[in-house]
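Chain by chain, the residues:
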Amino acid sequence: MSWYTLPAGVPWLTLALLLPLIGAFLVLLAPAAARGVIKQLGILSALLTLVLMLLLLGGFQHGPGGLRFQFEEIHHWIPSLGIGYHLGVDGLSLFLLALNGLLSLLAMLIADPRTPRFKEFVLLLLVLETATTGVLLALDLILFYVFWEAMLVPLYFLIGVWGEGRKVFAAFTFLIYTVIGSFAMLVAILAVAAITAAQTGHLSFDWTVLVQHPAGAVAQGWMFLGFALAFAVKMPIFPLHSWLPIAYPATPTPALLVFAGLVSKLGAYGLIRFNLALFPAGARGWGPILATLATIGILYGALMALLQVDLKLLVAYASMSHLGFIGLGIFSQNVFGVEGALIQMINHGVIIAGLFLVVFMIEQRTGTRARSQLRGLTRPAPLFAGLFFVIALAALGLPGLNGFVGEFLIMLGAFTAYLPLAIGAGLGVILAAWYVLRFYQGAFEEVPVQPAALTEMRLNEVGALAPLLAIIVVFGIVPSFFPAAVDATVRAVLRT
Amino acid sequence: MSTLAPLVLLLPLAGFLVNALFGRLLPRRVVAWVGAGSVGASFLVVLAIFGQVLGGQRLDQTYWSWWSTGDFSVPFNLYIDPLSTLMMLVITGVGFLIHAYSIGYMADDPGYSRFFAEMNLFVLSMLLLVTSGNFVWLIVGWAGVGLCSYLLIGFWYERTSAVLAARKAFVMNVIGDVGMVFGAFVIFLNLRALDYGTIFARLHQLPRGGTVITAICLLLLVGAIAKSAQLPLHTWLPDAMEGPTPVSALIHAATMVTAGVYLVARMHLLYDWAPTAAAVVAVIGALTAFFAATIGTVQVDIKRILAYSTMSQIGYMFLAVGIGAYAAGMFHFMTHAFFKALLFLAAGNVIHAFRDDQDIRHMGFLRRGLPITFWTFLIGTLSISGAPLLAGFWSKDEIIRSALTGTNTLTVALGVLALITAGLTAFYMFRLFFTAFGWEWLAHDERHLHEAARVQTVPVMVLAVFSVIGGYFAVGSFLNPVFGEARQIGAGAQIGIGLVAVVTALAGFLLAYQLYARRPALAPAIQARLRPVHTLLWRKYFIDELYDRIFVRPGYALGAFLSGVFEPRVLDGLAAGVVSFVQLVAGDWRTWETGRVRRYALWTLGGAGVIAGYFAWVLLVARSAP
């Protein structure tokens with residue numbers, strides 16, 4: 001079942017990879033002084049990419065079909081080493097792809113043309129979009145690794161050049177953590193291909209081949225660990241998170257939308273795509289440990305968020321707490337947990353992007369993001385307060401909004417798999433209500449300290465938040481289209 | 001009915017959307033009409049449904065699928081039977097009166113449209129709560145009323161006390177929500193369903209009184225006591241009085257706080273199946289009834305006294321549904337909605353007359369200045385105190401009677417406690433009445449107090465009528481199809497217990513009359529002699545202080561430790577270790593900005609190449625092997 005059928009024979013996915021790159025190329029040709037033109041070019045390419053991704057979303061065939069990939073493209077690349085150019089979409093990547101398009105567009109929309117070296121800034125954002133798209137589409141492990149590492153380059157410069165505070169240190173810390181994780185993954189990629197080659201007699205890095213030939217339990221355990229290290233750093237899972245409070249606050253907000261909203265979820269995506277699918281035995285062994293770490297992350301992030309004064313840091317820790325939920329769902333390793341994690345990945349991307357946008361808008365207006373210096377912002381800006389409040393409610397998982405759907409399923413999955421961890425997650429929900437309300441009430445309620453420093457939200461800002469708010473409300477009330485699209489894939493990955 | 005039922009929900013939803021989106025642009029008159037009118041219209045639709053339900057119709061209709069994977073499928077379905085119809089009647093009926101009253105009460109408030117939008121959202125959520133036919137949407141409604149409660153407690157968001165009270169109410173309600181969600185999980189994992197119809201049908205697969213059913217009922221009870229402000233999750237309700245008085249009347253008296261009673265009554269098949277859990281419900285109810293009544297005897301804030309009274313009366317309802325007298329509990333829910341809404345609205349008129357002073361010791365002389373408010377408040381006081389033939393008498397009597405004629409000692413003991421509480425109720429209510437409304441009603445009134453506007457007095461008078469005649473509504477037989485025939489009690493026992501209850505209430509009344517009307521000098525003297533007891537009650541048994549010590553402060557302390565010590569010292573130490581390790585391996589990195597990143601990248605590539613080469617070699621060996 002699908003809404004329509006896209007014509008076959010068109011390399012849709014390659015097009016999705018190329019569109020931002022073409023945009024980047026055009027930006028390269030534009031004179032650096034034509035900032036307006038550059039911004040328009042950036043918006044246009046991101047918009048076209050988003051439209052293409054929404055087209056794919058609508059053309060995706062729902063219903064049973066197991067591990068059948070859609071819009072698939074296979075070409076030889078380095079046949080002697082079994083490396084191919086293999087792209088495809090399934091239930092795991094479908095919605096993340098659309099989220100990627102949406103967040104990249106939002107990043108372009110809020111990018112300030114007065115930024116120094118704006119041309120390079122837009123260019124790097126577009127390159128980043130190609131890389132994140134590639135991570136989601138690649139079905140060859142080497143190709144995946146290339147895109148995974150390619151993501152690092154634009155991010156590294158976006159933080160190091162355009163960041164704030166200790167930006168160079170932040171970029172470097174992030175780099176080191178990520179590279180260590182990636183290196184472990186590279187070793188594991190080579191190992192899994194070699195072991196499968198020993199079984200089949202053909203060297204192949206193709207995911208669809210590898211998934212059919214699981215290795216022995218012990219080898220799986222080690223390879224699981226290699227992949228998990230790379231993904232756990234990106235998410236991050238406790239205790240590998242200590243780059244996060246350094247890197248997130250330093251990242252310029254347009255890049256942060258993609259960084260926190262999407263890149264962190266790519267770690268979670270990798271855990272499902274590779275760790276659960278390729279190493280079921282490894283996942284059984286390591287699952288409980290990672291689920292426990294994820295739950296610690298929920299509570300740790302929540303307690304840290306409770307104490308933060310800097311709103312950007314507060315949201316960063318809240319994000320870590322939410323990603324703990326996602327990790328817990330994944331390592332519950334049942335349909336509820338994994339589907340809950342998948343939908344929560346989308347929801348979290350929307351919510352966290354919304355929260356960072358709000359912090360950005362507050363800081364733009366008042367010149368500060370210290371909670372202690374903000375009070376009573378509702379009176380001068382009631383619309384601002386109202387829109388933020390809806391996002392805040394979604395962040396604390398209010399039933400009826402999108403945050404609830406995922407949290408409910410994740411906790412149901414965890415409840416089935418590990419009862420004590422589910423109780424820990426329940427505590428995390430209570431703490432979330434506490435820190436979110438402290439954030440909202442602290443900044444927006446009580447009597448303003450000085451004459452209103454905040455101006456009301458402008459129309460284009462409402463426009464930037466509008467798609468996020470629409471998703472927050474609609475996904476909460478009618479989320480049923482989601483399992484219809486992902487259920488078959490999730491069951492195939494879990495082999496249930 | 002399948003089209004009428006959604007209409008009940010859609011009307012307040014429309015009212016909410018109009019006032020929330022355009023309220024600031026609309027004239028106040030329109031805002032008021034939309035706000036109150038949508039609830040009134042909804043009431044009319046409920047009346048139509050009521051007629052159909054009387055005719056024997058029921059509804060359990062699915063409108064859309066919320067989630068569906070494998071056997072986990074959650075519909076959006078509405079479930080209409082006499083129980084939900086009674087709830088809807090009270091929510092929209094009393095709700096409409098309170099909305100109408102608010103037109104006058106909130107007339108000068110700058111947040112006029114926001115107020116009506118939030119009130120409509122509340123009515124919507126509450127209706128969703130009682131009409132949902134499955135747990136997910138019950139939880140949505142459940143959280144929705146909690147949200148509106150938060151919004152309306154903190155309505156005057158520039159007051160620090162209101163902000164804190166709102167947050168406290170929200171967080172305590174989330175504790176209950178989590179309990180409910182876990183209850184729903186246990187139900188799903190054992191019965192593979194979340195819709196009521198299937199749950200009730202499969203219920204008897206579980207062993208009676210077993211761990212599973214008991215766990216389900218206790219987890220749901222966590223939600224119920226948080227929402228209904230029962231022990232030990234009650235501390236938010238007195239603080240909730242920070243909200244405007246119509247909010248206290250609608251949310252924190254008549255409807256939302258009774259959601260816990262509704263939940264137990266709705267799930268009565270489950271509680272019948274888990275006697276231990278049901279007994280816990282009854283014990284919590286009776287204890288809360290007594291506990292709150294004792295605190296009510298010493299407080300001086302008119303709204304807080306009424307808040308403790310609400311806790312106490314809901315305790316009665318919990319007692320009723322805990323001992324299986326479900327119809328009696330719902331009967332008391334209805335009469336309580338009448339007289340408590342009346343008391344709050346009348347108190348609102350008094351508070352306005354005294355320019356927002358809520359201390360009963362500063363009030364008095366109200367008969368001349370506010371005659372309508374005076375007499376209606378007296379009717380409410382009589383009704384709640386159990387004066388014969390008024391509404392409160394019949395419903396409370398039924399609960400006490402069901403308990404006292406119970407088959408086991410515990411039930412009878414709880415009945416005795418409920419009887420004592422009835423005496424306390426008459427005492428604290430008349431203490432409030434004599435102190436605030438002035439026993440010196442023959443004395444000369446030098447102040448110029450003014451009665452409230454017609455739009456505020458008419459709803460109060462309507463509620464007063466129902467507080468008198470509400471006891472004659474045949475709630476029991478209306479609910480029979482849901483709960484089955486109530487246990488029959490002999491006429492002698494009925495009259496006897498009724499008499500005892502009246503005498504107890506009379507004793508409370510006389511004591512209050514002596515202390516606060518006849519000999520006002522006596523009360524301070526007694527208070528001085530019983531100083532420790534008074535302090536204990538005045539400080540509400542020190543429970544707020546206790547929770548602060550054992551939950552709030554340790555929470556912050558742990559957070560402070562993590563962000564002040566653990567993260568910077570331990571974790572960042574670890575991170576610094578990793579970084580210096582890299583430095584050690586790769587040489588001096590302090591000048592890395594000048595292009596050494598490239599070398600680092602080369603190292604990565606080189607290392608990867610070495611490993612790739614190794615695997616290629618392994619592969620070649622593997623291939624060349626025979």
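Heads up: these notes are all about the structure in this document. These numbers were taken from a predicted model, which means no experiment stands behind them. (Residues numbered from 1 in each chain as written. Chains lettered and ligands numbered in written order. Predicted model: local features only at pLDDT ≥ 70, side-chain atom pairs only at ≥ 80, totals over all residues. Heavy atoms only, no water.)

Considerations on the packing of helix 3 (residues 82–105) of chain B against helix 4 (residues 112–131) of chain B
Residue and element names in this part refer to chain B.
- Their axes nearest at 9 Å, the elements helix 3 and helix 4 cross at an angle of 175°. Classed by the angle they form, the pair helix 3 and helix 4 counts as roughly antiparallel. Every residue of helix 4 that contacts helix 3 at Ser84, Met87, Met88, Ile91, Thr92, Ile98, His99, Ser102 and Ile103 is listed here: Tyr112, Phe115, Phe116, Met119, Asn120, Val123, Met126, Leu127, Val130 and Thr131.
- Classifying every residue of the contact of helix 3 with helix 4 gives 13 nonpolar, six polar and no charged. (Axes fitted to C-alpha atoms, helices over the stretch in contact; angles between N-to-C directions. Helix = DSSP H or I, 4+ residues; strand = E, 2+ residues; numbered from the N terminus. Parallel < 35°, antiparallel > 145°, perpendicular 65-115°, else oblique. Contact = heavy atoms within 4.5 Å. Nonpolar A, V, L, I, M, F, W, Y, C, P; charged D, E, K, R; others polar.)

So, the layout of surface pockets
All names here are of chain B.
- Taken as a whole, the second largest pocket spans an internal volume of roughly 1200 Å³.
- Around the second largest pocket sit 46 residues that line it, and Gly324, Ala325, Ser402, Ala486 and Arg487 are the ones nearest its centre.
- Elements represented by at least two residues in the lining of the second largest pocket include exactly helix 12 (268–273), helix 13 (275–296), helix 15 (326–353), helix 18 (391–404), helix 19 (409–437), helix 21 (475–483) and helix 22 (491–518).
- For the lining of the second largest pocket, the element with the most residues is helix 18, which contributes six residues.
- In terms of residue class, the lining of the second largest pocket is made up of 24 nonpolar, 15 polar and seven charged. (1 Å grid on protein atoms, 1.4 Å probe; cavity = no way out; pocket = protein on both sides within 12 Å on 5 of 7 lines; lining within 4 Å. Points joined across faces, edges and corners; volume = space filled by probe spheres on them.)

Observations concerning the nonpolar core
- B:Leu270 and B:Tyr271 are the most contacted members of the largest nonpolar core, which has 423 residues in total.
- In terms of residue count, helix 13 (residues 335–366) of chain A provides more of this core than any other element does, 20 residues in total.
- Listed in part, the 17 residues of the second largest apolar core include B:Ala286, B:Leu319, B:Ala325 and B:Ala418. (Core = buried A, V, L, I, M, F, W, Y, C linked by side-chain atoms within 4.5 Å. Buried < 20%, exposed > 50% of the residue type's maximum accessible area, 1.4 Å probe, protein only.)

Points about the environment of B:Asp81
Residues and elements named next belong to chain B.
- Its place among the elements puts Asp81 in the loop between strand 2 (72–80) and helix 3.
- You can call Asp81 buried: its relative accessible area is 7%.
- Residues Asp81 and Ile305, spaced 224 residues apart in sequence, show a C-alpha to C-alpha distance of 35 Å.
- Leave out the neighbours within four places in its chain, and Asp81 touches Val53, Arg58, Arg266 and Val482.
- Of the polar contacts made by the side chain of Asp81, one reaches the side chain of Arg266; its length is 2.9 Å. (Polar contact = N/O pair within 3.5 Å; in protein donor to acceptor, adjacent residues only side chain to side chain.)

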